[in-house]
Amino acid sequence: SSGINAEYGQHYYITNNLSHKVTIMSDDFEVETADAGASKFYPMQASTIKKGGYLLIKNRPCKVDNISTSKPGKHGSAKCSFVAIDIFTGKKSEAISPGHANVDVPIVTRKEYLTSGIDSAGFLNLYDEDTGDMIEDIRLPEGDLGDKIKALVDADATCMVSVLRSMGEEKVIDVKEDNNKN
């Protein structure tokens, strides 16, 4: 016996932020898995996370700002307390984990693109020099950074923007004028 007493049924298993839906049909088994971002993060022992590193807190990618570690007590293990800042919203978050436990670390990438313009809807026209692709789905950021990018583009200056990506989100975090081109 498989331990499941239903001829038809759906069961959900939650392991390390992944949810798997298993559909069971009488004699044959059909398995469906829901992708919850499995390749967007990896496990790491909490005690090995360093200041300036990344950590998932409530499924949000955060940059670690401060770590404090308590010593193991008479009946327990060392605890790591993290204060981290969301890399997309700037919101401060806190998390506590046993030092020996695994925490999820987001995969964070930073890439530079050549800016070729801004369309009428406020999206950047970016050129990926590695692949030759045009990227047109990243919005011009608001505030000083967006104003600086707009001024450079309006002046026909060659500029490179840095885009941070993690957990399916992306954000322009920096711009610099590129004086090496033509």
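Residues numbered from 1 in each chain as written. Predicted model: local features only at pLDDT ≥ 70, side-chain atom pairs only at ≥ 80, totals over all residues. Heavy atoms only, no water.

### Structural notes on the pairing of strand β9 (residues 102-106)
Inference 1: Counting buried positions along β9 yields 4 of 5 residues, so the element is predominantly enclosed.
Inference 2: By the bridge criterion, 5 bridges tie strand β4 (residues 41-45) to β9 in an arrangement that is antiparallel. Bridged to Y42 within β9 is V105. (Buried < 20%, exposed > 50% of the residue type's maximum accessible area, 1.4 Å probe, protein only. Helix = DSSP H or I, 4+ residues; strand = E, 2+ residues; numbered from the N terminus. Pairing = 2+ DSSP bridges.)

### Some words on the nonpolar core
Inference 1: Core analysis: the largest hydrophobic core is formed by 15 residues, its most contacted members being L126, I149, V161, V163 and V172.
Inference 2: Contributing elements (two or more residues each) for this core: β11 (123-127), β12 (134-139), α1 (144-154), β13 (159-166) and β14 (169-177).
Inference 3: Ignoring sequence-local partners within four residues, the contact set of I149 consists of L124, L140, P141, V161, V172 and V175.
Inference 4: In terms of nonpolar packing, the next biggest core, distinct from the first, is built from 11 residues, A46, L55, V64 and A84 among them. (Core = buried A, V, L, I, M, F, W, Y, C linked by side-chain atoms within 4.5 Å. Contact = heavy atoms within 4.5 Å.)

### Brief notes about the sheet that holds strand β10 (residues 109-118)
Inference 1: Overall, antiparallel pairing links the 5 strands, which are arranged β12-β11-β10-β13-β14 in an open sheet. On the outer flanks of this sheet lie β12 and β14, each paired with one strand and no other. Across the sheet, the mean angle separating the axes of adjacent strands is 45 degrees when strand polarity is ignored.
Inference 2: Pairing of β10 with β11 involves 4 bridges; the strand directions are antiparallel. By the bridge assignment, G117 is partnered in β11 with N125.
Inference 3: Seen against the sheet, α1 touches β10, β11, β13 and β14 and runs at an angle of roughly 55 degrees to β14. (Axes fitted to C-alpha atoms, helices over the stretch in contact; angles between N-to-C directions.)

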